[in-house]
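# A structural walkthrough
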Amino acid sequence: IRDTLFILKPTLVDAGRTFHCPDCATVEGVLAFHPSVRQALDVRYVDFARPRPDVIELLGEANQGCPVL
């Protein structure tokens, strides 16, 4: 069983403005720099909008912040 990493999809466009999650971008950088880490994880991308059902299912509603391992 591999650990699951939930990370927000890279780009959110709202009202014509583009947003990025700085913490998720940092984690993406680490995964790009260390492919073996990415391969060891079950990386799942979730939407910015809450609720985030996949995260809630494993961690509960109070713990749906991302990135989360």
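The structure under discussion appears in the preceding block.
Reference entry: report on the structure contained in this document. (Residues numbered from 1 in each chain as written. Predicted model: local features only at pLDDT ≥ 70, side-chain atom pairs only at ≥ 80, totals over all residues. Heavy atoms only, no water.)

## Regarding the side chain of Gln 64
Of note, Gln 64 is situated in the segment after α3 (53–59). Judged by relative accessible area, Gln 64 falls into the buried class, the value being 5%. Setting aside residues no more than four positions away along its own chain, Gln 64 makes contact with Arg 50, Pro 51, Arg 52, Val 55 and Ile 56. (Helix = DSSP H or I, 4+ residues; strand = E, 2+ residues; numbered from the N terminus. Buried < 20%, exposed > 50% of the residue type's maximum accessible area, 1.4 Å probe, protein only. Contact = heavy atoms within 4.5 Å.)

## Considering the nonpolar core
Among the nonpolar cores identified, the biggest contains 13 residues, and Phe 6, Leu 8, Cys 24, Val 43, Val 46, Val 55 and Cys 66 are the most heavily contacted of them. Elements with a minimum of two residues in this core: β1 (4–8), α1 (22–33) and β4 (42–46). Take this core: its biggest share by element is four residues, from β1. In this view, Leu 8 contacts Cys 21, Cys 24, Tyr 45, Val 46, Asp 47, Phe 48, Arg 52 and Cys 66; residues no more than four positions away in its chain are not counted. (Core = buried A, V, L, I, M, F, W, Y, C linked by side-chain atoms within 4.5 Å.)

## A few points about the side chain of Arg 52
Within the element layout of this structure, Arg 52 appears in the loop between β4 and α3. Here Arg 52 occupies a buried position and makes no salt bridge, while the nearest side chain of opposite charge, Asp 47, is found at 8.3 Å. In this structure the side chain of Arg 52 is engaged in a polar contact, spanning 2.5 Å, whose partner is the backbone oxygen of Phe 48. At a separation of 2.7 Å, a polar atom in the side chain of Arg 52 contacts the main-chain carbonyl oxygen of Gln 64. When residues no more than four places from it in sequence are discounted, the contact partners of Arg 52 are Leu 8, Val 46, Asp 47, Gln 64, Gly 65 and Cys 66. (Lys, Arg positive; Asp, Glu negative; His and termini not counted. Salt bridge = Lys/Arg side-chain N within 4 Å of Asp/Glu carboxyl O. Polar contact = N/O pair within 3.5 Å; in protein donor to acceptor, adjacent residues only side chain to side chain.)

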